[in-house]
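Coordinate analysis (summary)
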Amino acid sequence: MTFTLSGARVLDPASGRDEIVDVVVEDGVIAAIGETRGEVRDVSGYALMPGLIDMRVSTGEPGEEHRETIASAATAAAKGGVTTLVLGPQTLPVIDDQSLVEFVLRRGEACGVNVLTAGALTRGLKGRKMTEIGLMQEAGAVMFAAGSEAVADAGLMRRIMQYAAGFDALIASPPEEPGLAAVAHEGAFASRLGLHGEPGAMEAIAVARDVALAELSGARVLVDIVSAKEALNPIAEAKARGVAVSASTTINHLALNELDIGDYRTFAKLDPPLRAEDDRLALLAAVADGTIDVVVSDHTPQPSGRKRLPFAEAANGAVGVELMMSVATSLAADGHITLMDILAAMTVRPAELLGLDAGRIAVGAPADLAVVDLNAPWVCDSEGLTSLSKNTPFDGRRMTGRVVRTFVGGVAV
Amino acid sequence: MPATTFSVPTPDYPFTHRHCLSVLRFTRPDIDYLLALGAHFAEADTPEQTLAGATVVNLFFENSTRTEKSFELAAKRLGADVISMNVGTSSVKKGETLLDTAATLNAMAPDVLVVRHNASGAPALLSQKVTGSVINAGDGMHAHPTQALLDALTLRMKLGEIGGKRIAICGDIAHSRVARSNVELLTMLGAEVRLVGPPTLIPAGARDWGVEVFEDMETGLAGCDVVMMLRLQLERMGGAFVPSKREYFHFHGLDRRKLGFAKPGALVMHPGPMNRGVEISSDIADDPEVSLITAQVEMGVAMRMGLLHALYTGSAA
C-alpha cells in the first residue's frame, strides 16, 4: 500500500529538515521525500514529524492492571503521537528474567504502537543480585533499569556495568542517594510547607559515582531522570571526556517547578521532585545543547486513592504519554525551547541510544509518524485522558498543539 | 478591658474564613480581630455562649494532652458539645484513609473539626472534604496557627505592642511547626524575628523567610525583648541532627548565663512540653519574673475561644 502525506511542514530533527514537502509511505516505510505517489492524503496546515519514542513508561501490567494495562498505555501513546514506548521493569512481579520480558513483549504486540521493554538491573529491583542481562537482551530487552531507586551498593553496580559492557547493554541508573532523598525540592518553599527537602546536590553525588563506574567499566550508562541543575556539569564534563554517559529528564520537569506542588497538590508529587525555576531553565538549556539526550514522559499511572493522601504519604508520579507532545509544543510555542531541540530529545536521540532505525523522517525508515496541529489551543481535562489513571499535574492547563493523527509502520493508530 | 464587659469586640467585623489552616491565610485585620477576641475572652468571667448547640470534634492523630484539652475547654466554655475522637486506636489502624475518616465524621455534621496530624498538609486535605470548619491544631512540620495566635496574645497582653520588638526563636526550628507559624505571625505583626540554632536545625532556605539567622546564642540573643525556646523534637529526628542532649544544652539550652545575652528584663516563652535541661533550664522555666510559660497555657484557652467564636459566627460558617 502506497500513500502520500501531502502539504505538511515536515520537521525532522535527525536531518534538520524543516520545510513543506510531501512524504511517500510504502509498505510501512518512508519510501520517498519530495515525491507524490499513490493515494494523496492532504495534511496541509499541519506539522509532520517522527513519532515520539518514550523511553520511560510504567504500566500496571503485570500485577496492577487497574492502574494501566500495556494496551491502555499503548492507546494513550497513539493518541499522544508516541509510536514507540519502553516499559519500565517496576511491575509485580518485576521484569527480571527472560520469560517476563517475553510476556510483556507479547502483550505489547498488536497494541498499535511499538512496545519495547527494559529489564531490571537487579533481581526484584532489590539491589542485591545481578539479573540475567544477556538472556533478557536475547529475549528482546532494549535496556536495563534500576527503576526508581539506585543500586546503592557501588561494588555491585560496578560488576553489573562490567558485565553489561560485554553485551553493549544500556544501563539506566537514577541519580539518587538514599540518605539525601526526600519528597520535595529542598528550599524555602518546601521548608515553609513543612516537607522534607531533597537537595539538588544529591544528583551531582550520584552522577559522579555512576560516571566514575562507567569510566572504570566501559559500560553505556543513562542517567535516568536528571532534575537538578547540579547534575548537569558533571554530565557535560564526562561527555567531553568521552565517557559513554547519557542523560534523560522528564517533560514534567521541563514544564513545571516546585511551586506547582502549591497547597500540597499531590498530583504534582513526582520522583524526582519538581525543582526550582532556575533548575527548570537549566534543564531546558541542557536539552537544547545536548547535555540531556532524552526527554521522557515517565508515565506513572496512579489511582486517585493513592494520590488523595497527605503529601508525604501520597504516591509519586504522573501519567504523561498522552500529553508529552502537547506539553512540548506548548513549551516551544511559549518560546522556552525550539521545537526542533525538544523533538530531537524525543525522537532521534532515544532512537540512537536504543539502536532503533525509527525516530527520523528518512527514506527507508519505518513510517512511524505524528501529524500535529502546532497551533491548536486547548485546555487539558484529566477526565478526558485515555489512560486508566488520570493523575496529571496538567489538569486545567492551557496547551498549544495537539496530535491529529499517528501512524505506526504506515498504519493509522 | 474590665472583666464586666461581656460584649464581644467588633461584632460587625467581616470575618470570612471558614477554616484556620495556617497564619498566612489571614490578613492583618483578621489577626487583630482574632487577638481582640482572645483578649476579650481572657478577661470575661462568664463568656457568651456563642457556640451553644454547636458540635466540635477533636480529631487528634497525634497525642497531645495540652492542646486537645485546651480546645475542649475553650469549646465548652462557649457552650459547644465536644467530642474527642481517639483516632490513634480506632479505624485508622485498620487501614482507613484520612479521607475515609473525614467522610465518616462529616456524616455526623460537626460544626468545627479540630485536627492534629503528623503529616504536613493533612488538615488542608481534610478541609476539602468536610462541610464544617477545620482548625489546624498542628500538622507535621508545617503549621500550628493557634499556638502562634496564643503566643501573640500572651505577648500583647504582657508588652502591649509587638511591632518593633526583637524576638528570637531558638532551637529545633527545622522540625517545628510552632516556629513556622510564629515567624509568619510575628513578622506580620511587625516584630524583628531572629532564628537561633545549630545549622542542622535551621530549615533550608529559612533566610528567605524575612528573618535573620544566627548559629550561636550570644550574638543571636543580643538585644532581644523575647526569647522563645522550642522543644528539641527527638521523635522527629530520623537521623542525627545534634550529637547529644548534653552538647545541645551546653551550646543552645537557655540558662541564666545565656539569657544574660538578651536585653535586660527579656521574657522567655516555650510552647511546651518542655525538655528540662535540654533546651531550657528549670531555673529559667520556673522563674515567674521572666517566664511566660504558664501565661501561654492560660492564653491558649482564651485564644481558642476567640478563634472558635470567629469561625462559628463568621460569614463563612
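Bear in mind the structure is a predicted one, so any value in this text is a computation, not a measurement. (Residues numbered from 1 in each chain as written. Chains lettered and ligands numbered in written order. Predicted model: local features only at pLDDT ≥ 70, side-chain atom pairs only at ≥ 80, totals over all residues. Heavy atoms only, no water.)

Right, let's talk about the overall build of chain A for a bit. Looking only at helices and strands, one finds 13 helices and 20 strands in chain A. Its C-alpha radius of gyration of 20 Å places chain A within 12% of the 22 Å reference for a compact globule of 413 residues. With the principal axes as the frame, chain A shows a C-alpha extent of 60 × 50 × 45 Å. Residue burial in chain A is summarised as follows: out of 413 residues, 61% are buried. If you take every contact in chain A between residues at least 6 apart in sequence, the share linking residues at least 24 apart comes to 75%. A total of about 14,400 Å² of accessible surface is found on chain A, and carbon and sulfur atoms cover 50% of it. Between the centroid of the 35 positive side chains of chain A and the centroid of its 54 negative side chains there is a distance of 3 Å. (Helix = DSSP H or I, 4+ residues; strand = E, 2+ residues; numbered from the N terminus. Rg over C-alpha atoms; globule rule 2.2 N^0.38 Å. Buried < 20%, exposed > 50% of the residue type's maximum accessible area, 1.4 Å probe, protein only. Contact = heavy atoms within 4.5 Å. Areas by Shrake-Rupley, 256 points an atom, 1.4 Å probe, with all protein chains shown as cover. Lys, Arg positive; Asp, Glu negative; His and termini not counted. Charge placed at Lys NZ, Arg CZ, Asp CG, Glu CD.)

A:Met49 and A:Leu331 are the most contacted members of the largest nonpolar core, which totals 116 residues. Of all the elements, helix H11 (residues 324-333) of chain A adds the most residues to this core, at 6 residues. With sequence-adjacent residues up to four places away left out, A:Leu331 is seen in contact with A:Ile251, A:Leu254, A:Ala255, A:Arg280, A:Leu284, A:His336, A:Ile337 and A:Ile342. Counting 66 residues, the second-largest nonpolar core is a separate cluster that includes B:Val8, B:Ala54, B:Ala152 and B:Trp209. (Core = buried A, V, L, I, M, F, W, Y, C linked by side-chain atoms within 4.5 Å.)

What follows covers the pairing of strand E2 (residues 81-85) of chain B. Residues and elements named next belong to chain B. Relative to E2, strand E1 (residues 55-60) runs parallel, the two sharing 5 bridges. Within E2, the residue paired with Val 57 across the bridge is Ile 83. With helix H2 (residues 65-77) bridging E1 and the parallel E2, this β-α-β connection has right-handed handedness. (Pairing = 2+ DSSP bridges. Right-handed = clockwise from strand over helix to strand, strands pointing away.)

So, on to the sheet that holds strand E1 (residues 2-6) of chain A. Residue and element names in this part refer to chain A. Ordered by their spatial adjacency, 4 strands build an open sheet running E5-E4-E1-E6, and the pairing between neighbours is mixed. This sheet does not close on itself; its edge strands, each paired only once, are strand E5 (29-33) and strand E6 (39-42). Sheet twist, expressed as the mean angle between neighbouring strand axes with direction ignored, is 30°. Examined bridge by bridge, E1 and strand E4 (residues 23-26) share 4 bridges and lie antiparallel to one another. By the bridge assignment for E4, Phe 3 is matched with Val 25. (Axes fitted to C-alpha atoms, helices over the stretch in contact; angles between N-to-C directions.)

A separate point is the environment of A:Thr83. All names here are of chain A. Here Thr 83 lies in strand E9 (residues 82-87). Along the backbone, Thr 83 and Ala 367 are 284 residues apart, and their C-alpha atoms lie at a distance of 9.8 Å. Sequence-distant contacts of Thr 83, defined by excluding residues within four places in its chain, comprise Gly 51, Leu 52, Val 113, Asn 114, Asp 368, Leu 369, Thr 406, Phe 407 and Val 408.

With the rule as written, the count across this model stands at 5 aromatic pairs over all chains. Ring centres 5.4 Å apart and planes at 50° place the aromatic pair A:Tyr163 and A:Phe167 in the tilted group. With a centroid separation of 4.6 Å and an interplanar angle of 25°, the aromatic rings of B:Tyr13 and B:Tyr33 are classed as stacked. Remark: B:Tyr33 occurs in helix H1 (residues 28-43) and B:Tyr13 occurs in the segment before H1; sequence separation between them is 20 residues. Assessed through its relative accessible area of 6%, B:Tyr33 is described here as buried. Clustering of aromatic rings is evident, with ring pairs tying together B:Tyr13, B:Phe15, B:Phe26 and B:Tyr33. One residue, A:Lys269, lies across the ring of A:Phe311, its end atom 5.7 Å from the ring centre. Over the face of the ring belonging to A:Trp378 we find A:Arg402, whose NZ or CZ atom lies 3.9 Å from the ring centre. (Phe/Tyr/Trp six-rings, centres within 6.5 Å; stacked < 30°, edge-to-face > 60°. Lys NZ or Arg CZ within 6 Å of the ring centre and 35° of its normal.)

The next point concerns H1(B). An ideal rise of 1.5 Å per residue puts 22 Å on 16 residues; H1(B) measures up with 23 Å between its terminal C-alpha atoms. On its buried face, H1(B) is in contact with helix H5 (145-159), helix H6 (177-188) and helix H11 (293-313) of chain B. (Expected span 1.5 Å × (residues − 1).)

Below, the discussion takes up the layout of surface pockets. Considering only enclosed or pocket space, the largest pocket measures out at about 610 Å³ in volume. As for the largest pocket, its lining consists of 24 residues, of which A:Gln90, A:Gly147, A:Ser148, A:Glu149 and A:Asp271 are closest to the centre. Of the residues that constitute the lining of the largest pocket, the class distribution is 6 nonpolar, 10 polar and 8 charged. By volume, the second largest pocket amounts to about 450 Å³. Contributing to the lining of the second largest pocket are 23 residues, with A:Glu186, A:His196, A:Gly197, B:Ala204 and B:Phe241 lying nearest its centre. Among the residues forming the lining of the second largest pocket, the class breakdown is 13 nonpolar, 8 polar and 2 charged. (1 Å grid on protein atoms, 1.4 Å probe; cavity = no way out; pocket = protein on both sides within 12 Å on 5 of 7 lines; lining within 4 Å. Points joined across faces, edges and corners; volume = space filled by probe spheres on them. Nonpolar A, V, L, I, M, F, W, Y, C, P; charged D, E, K, R; others polar.)

Across the contact, 16 residues belong to chain A and 23 residues belong to chain B. Carbon and sulfur atoms make up 60% of the area that chain A and chain B hide from each other, which totals about 1,500 Å². Our enumeration of links across chain A and chain B arrives at 2 salt bridges. Residue B:Arg25 is joined to A:Asp263 by a salt bridge in which the shortest nitrogen-to-oxygen separation is 2.6 Å. Counting every contact that joins chain A to chain B gives 6 residue pairs in polar contact (both at pLDDT 80 or more). For the side of chain A that touches chain B, the residue count by class is 7 nonpolar, 4 polar and 5 charged. (Buried area = accessible area lost by both parts, 1.4 Å probe. Salt bridge = Lys/Arg side-chain N within 4 Å of Asp/Glu carboxyl O. Polar contact = N/O pair within 3.5 Å; in protein donor to acceptor, adjacent residues only side chain to side chain.)

Below, the discussion takes up empty space enclosed by the protein. All names here are of chain A. Counted by the stated rule, this structure contains 5 cavities of 30 Å³ or more. Roughly 120 Å³ of internal volume is contained in the largest cavity. As for the largest cavity, its lining consists of 13 residues, and the residues nearest its centre are Ser 148, Pro 174, Asp 224, Asp 271 and Pro 272. Taken together, the residues of the lining of the largest cavity break down into 5 nonpolar, 2 polar and 6 charged. Each pocket or cavity is described by its volume, and for the second largest cavity that value is around 70 Å³. For the second largest cavity, the lining is made up of 13 residues, of which Met 55, Arg 56, Gly 88, Pro 89 and Ala 145 are closest to its centre. Elements supplying a minimum of two residues to the lining of the second largest cavity: strand E8 (52-57), E9 and strand E11 (143-145). A class-by-class count of the residues in the lining of the second largest cavity yields 7 nonpolar, 4 polar and 2 charged.

So, about helix H2 (residues 98-108) of chain A. Residue and element names in this part refer to chain A. Buried within H2 we find Leu 100, Val 101, Val 104, Leu 105 and Gly 108. Projected down its long axis, H2 carries its buried residues within an arc of 135°, all on one side. Looking at the packing, one finds that the buried side of H2 touches helix H1 (70-79), E9, strand E10 (114-120) and helix H3 (133-139). (Arc of directions from axis to C-beta.)

What follows covers the pattern of salt bridges. Residue and element names in this part refer to chain A. Taken as a whole and assessed by the stated rule, the structure comprises 37 salt bridges over all chains. Its salt-bridge partner being Arg 41, residue Glu 39 comes within 3.3 Å of it at the nearest N-O pair. Glu 39 sits in the partly exposed class, given a relative accessible area of 42%. The exposure class of Arg 41 is partly exposed, given its relative accessible area of 21%. One salt bridge in this structure joins Arg 275 and Glu 203, with 3.5 Å as the shortest N-O distance. Taken together, the residues span a long stretch of sequence, with Arg 275 in the loop between helix H8 (251-255) and helix H9 (277-289) and Glu 203 in helix H6 (residues 201-217) at a distance of 72 residues. Residue Arg 275 shares its accessibility class with Glu 203, and that shared class is buried. One network of salt bridges, in which partners are shared, links Glu 26, Glu 35 and Arg 37.

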